[in-house]
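Remarks on the overall topology
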Amino acid sequence: QIGCSCNGHGTCTQGDGSCNCYQNSVMGFWTGLVCDRCDSNYIEPLCLEQNVKITVNLNNTAKQPINVKDTTSAFVFLDAPYGRLYAGGRPMVVFESSSGALYPGYDRLGYDFGGTVKSGVVQGQNVELTVLVGDTTTKVITIPREYSGNGSLVISSKVQASSRRARVQGGRASFQPETTVVTGTFLHSYPLNSSMYVKAFALFTTELIAVTTLGDTIVVDILMDTAMCASLHVGGKALFVGGGNATTGWALTFVTDNPTVPPVSWTERLTALQVTGYICLSAQALYVVPGALYVAGVMLASDFSDYGVAVARLSLTDPTVNRITPVVENLELTAVPKVTAMIVDTVSGVGYIAVHQPNSDGTSTGVSSKLFKFYASETNFAPYGKIDFSSVYPGGAIITDLEVDNSVRRLWAALPTEEAIVAMSINLFDVRSITPSVADTKGGTPITIQGTGFVNSNASSDLLCNFDNGGTSAGNANSTNTLVCVTPAGTNVSCTGVPLEISLFRQQTGNEIMLRRKASPTISSVTPSRGYHDTVTMVTLVGYGFASTNWNLCKFYSPVDPTVFYTGQMTFKNSQTVLCRQPVVPRALALPSYVEVTLDGTVYSNSSMVYDIVGDPVMLVLVDHDIQEDVVYRTLRKMPINSLTVLIYDDKGHALLDFDTVSRSITATISVEYTPACLEGVIDPYAFNISRGLRTASIPNGTSSLTLVSSDGNVTFAGLYMNSPPMGRYNITFTHASFTAPLVFTFAVLFGDPVALRFVVAPATTSPAENGVFKIPLIPQPSLVLVDVANNVLCGSGTNAGDFYQFFQNGMLLQAAAVNDKTQTWLSRPPESGIFSFHGLILVGNNDQTYVLNFSFPGRPDLSVLSAPITISLCQPPRTYAVSLSSTCITCPDYAICNGTSTLLVEEDAWRGSRESLVLYPCFAAGVCNPQGPQVLPTCLEGAYGPLCEICEEHYVLNKHVCQRCPEDPTTNYVLLGLLAFGILAVICILVFSSLGSSGSSDVLPIVLKIIINYLQVNSKLSELEISQYMPSLMSSFISNQKTVAQPDPQIANLDCALGSSGSKYTNKFVYFMTAPAWMVIFAGLLVLGMMLYRAIHAYRKRKRSGDGEGSTPPASQPIPVPGLEGVPQLHLGRESGLPVQRKKRVTPLWQIFVASIVIVLFLIYPTLLEYCAKMVTCRSLTITPNTTISYLSVDMRLVCDESTASYRSSAVYFAVGYGLGIPMTAVVAVMVMMAVVGSKKAFRVFHFLVVGFRPERWFWETVVMIRKMAMVVVTGYLPKSSVQNLLAVWVLGAAVMAHALAEPYQWTPLNVLEQMSLSTLFITLNAMLLFPYRNSFSEISGKSGLSDPLYYALVLFLVVINVFFLLVLAYWLIWAVKEKLNAKYVTINKVLRLLHLPLIPETEARKELVKRIEEEKLREEEEEE
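Attention in this report is confined to the structure presented alongside it. Predicted, not measured: the structure shown is a model, and the values here were computed from it. (Residues numbered from 1 in each chain as written. Predicted model: local features only at pLDDT ≥ 70, side-chain atom pairs only at ≥ 80, totals over all residues. Heavy atoms only, no water.)

1. Notes on the packing of aromatic side chains
- This structure, assessed with the given rule, holds 24 aromatic pairs.
- Between the aromatic rings of Tyr111 and Phe113, the centroid separation amounts to 6.3 Å while the plane-to-plane angle is 5°, which identifies the pairing as stacked. Take Tyr111 and Phe113: they sit in the same class, and that class is buried.
- Relative to Tyr1219, the ring of Phe1215 lies with its centre 5.6 Å away and its plane at 20°, an arrangement referred to as stacked. Residue Phe1215 and its partner Tyr1219 are located together in helix α11 (residues 1206–1238), separated by four residues, close to a single helical turn.
- For Tyr1219, a relative accessible area of 15% puts it in the buried group.
- An aromatic cluster is present here, built from Tyr103, Tyr106, Tyr111 and Phe113 joined pairwise through their rings.
- In this arrangement the basic side chain of Lys638 is found over the ring face of Tyr721, its NZ or CZ atom lying 4.5 Å from the centre. (Phe/Tyr/Trp six-rings, centres within 6.5 Å; stacked < 30°, edge-to-face > 60°. Buried < 20%, exposed > 50% of the residue type's maximum accessible area, 1.4 Å probe, protein only. Helix = DSSP H or I, 4+ residues; strand = E, 2+ residues; numbered from the N terminus. Lys NZ or Arg CZ within 6 Å of the ring centre and 35° of its normal.)

So this is what it looks like as structure tokens:
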């Protein structure tokens, strides 16, 4: 066994004594025979950190060949805003910081200021350079920053000198007043503020730090005794001074810019940070960053075996936070090393230290500096890269100054040489590692690069990743330590890989971190090809191109949803076989799904090898059936259904098969979805019980559902059949209790073999006909279909199926057998949608003859059908009539319903004389004719018969064209007649006595009554015009009913009931009414006789009460008492004596009552007399049979206009002329004669009813009104109903309106207005009625019709409103006139009320005044008469 020493960095091999050096992240990465040095990729002292190469960019290095006068010192200073780099010493050269070339306009030979430039600072718009002249004198050189090379460079200088000093003892400074001339070598100069500078001098054994101003006054000098080596740095407004020697170790002093504050020693903080095994000698470089001070210095091993360099980090905010780390060890003992420069890049948090170790003789010939970099952060404080500049300058070069250029991430290092001024360009960024280190050659792999100093730029080209074959891609820096690039396609598949470098601001790293490119593997087989989602499955992939990497993965995915995929571990077996672990996943993958592999963790193979991940069972699916397309069967008596295999699937379309270990009950239920369109409205199939639709050998009676149990995820329904199913779509729905969505198998059942021929449209039972020998085609034309055993129609959709095609190709044979045994054959057209339709089929023959048609197929006698008997009696519909037993067709008569046959129906409310008659008439009243609906012969409402149902049976009377039954008890009828007669008599008496008892011209009651009666009489005539038939029934009734009030009419039901059927004939009533004036004279005479008797009795009683006999009179001086008027002031007559004499009560002469009665009665019945004359001569001819026409009296169809009624009709003409002209003329003549005999006053009193209210010159105006009424009767009663009749009526009313407007006959203007309103209402109503025939035009304007026509009903509403309004006005006037009459007669009325023991009318001053005024007016009239 051989022993060995491995320096604690490895293990000894017992066999041969060799060392196995450690190669791990805990013990380090070591090499050498005795493990005494770091592996080439790792850095000392612990060999734990990678040696990340520091990249020097020679292409961008600023170098100007020149004769260098001082090779021991050089500086580098960057003015970044102006892109200028000041470098050198003696002389100084200005370069472009971006390219390293000489800055345009500056002297290429540099500038010699009589000394060596030691440092430079920016002060405002100037650059101020500190120049050492000799050993003791300094001056400041000022260069304008704006200088662009044009013109002479203006340079100014100021010489400075040193003065007093202070010695630091025990870490504290003591000031001495004497002045000392400083000698020695000047080290550096720093700006402390805008006007103060710091200078450092080496005085062999001491160090002098002088703080000066730009003037001659010296602020403070600090003399330090530790002069072996020294350095200083300014941070903010604080100055740090460092030094030390082998005796005292490191020394550090803190000085502020305030001279009154003494310096403070920080040496204790450094002393506590001694590195084990080493003695800290001197602090040789200082650098301040926000919050921390970095101190670099030299260390000596405690056994004096070697030297080293360490860096300490002191917190500026917390004195207790201090750290130290070795940077480099094992330096040669030939000479003491020195830290020549240090700087910290705050962007990346990396520090740089330049270390120089002279030759053993103390010279630096052929020796170059080493540049180290370390992590400058609170958490990471270790060195991780270095470069020996001997590889760049084999002849030797010492770094004397460092400057950071963050604009292009570059570190400038000043290296003074004899031949040139050099500012070396070094990258401030580097690459430490890449992940993954393998990338697919297809490209697209994201590479995460770890390093330092990364920054993003506005230009994407400033940060690039450089791959093999010149490929690049833009980088994206996530932080200063991490950036990401995506690989482009690459073809270099070297086993060692190719370097991946970073280019930042056109500067490239040289860290040579290798990236291997590998082509994606190809998969040729997958075993097994499916797995269950909740079970881990190992899948074997066979192919080629597999490799073992740290990023090997398998991916299970579906292109349907690329966002959902699962990765599993890939186990490498060899280049042709790997194992993939399918993990447990939450659900199945959608179809199709694949498995792929990756070597770089991102880019996967593209072999598209199927691998299904099956999910939980959720639904049922049919095998070998696409449920989107129907399966088609043909109807049979026993129609088999193919076997149906149902699989259990997951939600992504995978069959579970053996993954489903549960036995499940699957139920199949049959239903009908819909019936094909070719069946709708054609032929109904036979009834089919769907609840027994499914049948099997074990269930011959059928069922609607069948349940089976699954095994290994499937179940088969076999042996199903149906019995004679009708054509349509059927659904077999498969369900399971745990599955929400059912499975529906849809199949179509089409027609089977034809077994019968059936009519779709049977030929018409009547054949259409028209005038002449030839007939038009049958309507409807026959059409037929073939049906199968289920009565399914052979639809057109199946014309290409099997043997059925021949039926549709050959057409159909039609044989028509007539009653005369003649046969004719037609062939149908090709079928349309399975229907054999015949077109233009004509049967020739006579109306009412019958024929039978036989439809059949040639060669198929079983496929035939007979039509129903066809009668040749059908003319062209819809309104044609076939004349029986002839070939004649005529247009359907009005008021008839025809269907083209020889049968004619009479419409409701219409009448015909006989079955043979083709002339029909409308009935007068609705519901009287054919109340049960259209009939061949008209029927009448109960109690009616005869022409137009206008004749009433016994005990019925005609009232408004409707036969009404008389009361069963005659007494009731007589009572009603008596009441009616009493009412008429009462009206007449009121008119008579209101006229005779009128209180002079101020009494308006008779005038208002006349206006009302005249308005109602004329208005009632409007309903008798031709235009009235277009009015709504409500409007027509509203107008016609006014006649009942306005004029007496003997056409009264109760009167007819009393007269009986014979007495109520119109001829009898005509005689009664024409003799009415004579009856009125007799009635008036009787009334006068009654009045005479009443007065005689009344006079006898008065004489008996007075006892004075007939001739006695009361004294002249006493008023005459009036019975019933006690207490009422009496008027006294005293024209002659002046004494109050009671006026004799005036008594109306009986002859005046007689005349007034005759005048008023004639006034009332005047229009009725004329109407009855008109009706007596109005006849209507009705066609009873084609050869018989009878003319009936329109008002009484019991009477025929023949010789039996000729005398009546002749007399009616005479009466019409006599009464029509005689009554008005007689009235005028009578008034004129009486005016001539007795004067106008008495004449007007006698004819008061006629002349009351008119102006004296218009006293005859009532006869004008009567002529107006006569004209309206002539227009409505004697003229035929036509548009001429309507026009004449308009002219009559228009003339009346104009005449009244011009004459203004009434004395009182309000009465003229009232009469004008009456005539205007009539005129407007009639003119508006002329629009009713144009109702269809209203519909066209409004776009609506019927009850929804707004214009038509707006017109109706307008007419109703104006008529009702005027009736309300008349009512108001009537009430007012009656009220005035009652007030005038309240004394007389109270007398009657007192006798009846009723409440009396109150006596008021207004009523007494009214009575007094009326009495005075009567007295005045009597005086005028006398």
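2. Regarding the sheet that holds strand β54 (residues 609–610)
- Taken in spatial order, the seven strands of this open sheet run β47-β49-β52-β51-β50-β53-β54, and their pairing is antiparallel. Each end of this open sheet is capped by a strand with a single partner; those strands are β47 (522–527) and β54.
- Relative to strand β52 (residues 577–582), strand β49 (residues 537–544) runs antiparallel, the two being bridged by six bridges. What sits directly across from Val542, in β52, is Thr577. (Pairing = 2+ DSSP bridges.)

3. Overview of unusual backbone geometry
- Cis geometry is adopted by the peptide bond preceding Pro528, which originates at Thr527 and carries an omega value of -10°.
- The amide bond that connects Leu591 to the next residue, Pro592, takes the cis arrangement and shows omega of -10°.
- Its place among the elements puts Pro592 in the loop between β52 and β53 (594–598).
- Although it is not a glycine, Phe505 sits at a positive phi angle of roughly 55°.
- Position of Phe505 relative to the elements: it lies in the loop between β44 (498–504) and β45 (507–508).
- We note that Tyr895 has phi near 65°; this positive angle belongs to a residue other than glycine.

4. Some remarks on the packing of helix α8 (residues 1066–1074) against α11
- The interhelical angle for the contact between α8 and α11, taken along N-to-C directions, is 25°, at an axis separation of 12 Å. One way to sum up the angle between α8 and α11 is to call them roughly parallel. Crossing geometry of α8 relative to α11 is assigned as left-handed. Each of Thr1067, Phe1070, Val1071 and Met1074 in α8 lies in contact with α11, whose residues at this interface are Tyr1208, Ser1211, Ala1212, Phe1215 and Tyr1219.
- A class-by-class count of the residues in the contact of α8 with α11 yields seven nonpolar, two polar and no charged. (Axes fitted to C-alpha atoms, helices over the stretch in contact; angles between N-to-C directions. Parallel < 35°, antiparallel > 145°, perpendicular 65-115°, else oblique. Left-handed = near helix turned anticlockwise from the far one by under 90°. Contact = heavy atoms within 4.5 Å. Nonpolar A, V, L, I, M, F, W, Y, C, P; charged D, E, K, R; others polar.)

5. Focus on the pattern of salt bridges
- One pass over the full model with this rule turns up 15 salt bridges.
- A salt bridge links Arg409 to Asp345, with the shortest nitrogen-to-oxygen separation between them at 2.5 Å. Pair noted here: Arg409 is in the loop between β34 (401–405) and β35 (410–416) and Asp345 is in strand β30 (residues 338–345), with a separation of 64 residues, a long-range link. Asp345 matches Arg409 in its accessibility class, with the two residues each being buried.
- One salt bridge in this structure joins Lys373 and Asp430, with 2.5 Å as the shortest N-O distance. (Salt bridge = Lys/Arg side-chain N within 4 Å of Asp/Glu carboxyl O.)

6. Points about the pairing of strand β39 (residues 446–452)
- Here five bridges tie strand β37 (residues 430–435) to β39, and the two strands are oriented antiparallel to one another. Among the inter-strand pairings, Ile434 is bridged to a residue of β39, identified as Ile449.
- Pairing between β39 and strand β43 (residues 482–486): five bridges, direction antiparallel. Pairing of Gln450 across the sheet is with Thr482, part of β43.

7. Concerning the packing of helix α14 (residues 1261–1277) against helix α15 (residues 1283–1303)
- With their axes 9 Å apart at the nearest point, α14 and α15 run at an angle of 170° to one another. What the angle tells us is that α14 and α15 run roughly antiparallel. For the pair formed by α14 and α15, the contact residues are Trp1261, Arg1268, Ala1271, Met1272, Val1275 and Thr1276 on the first element and Gln1285, Leu1288, Ala1289, Val1292, Leu1293, Ala1296, Ala1299, His1300 and Ala1303 on the second.
- Grouping the constituent residues of the contact of α14 with α15 by class yields 11 nonpolar, three polar and one charged.

8. Section: the side chain of Asn57
- Relative to the helices and strands, Asn57 resides in the loop between β7 (49–50) and β8 (62–65).
- Residue classification places Asn57 among the buried positions, given a relative accessible area of 10%.
- Aside from chain neighbours lying at most four places away, what touches Asn57 is Ser425, Asn427, Gln507 and Gln508.

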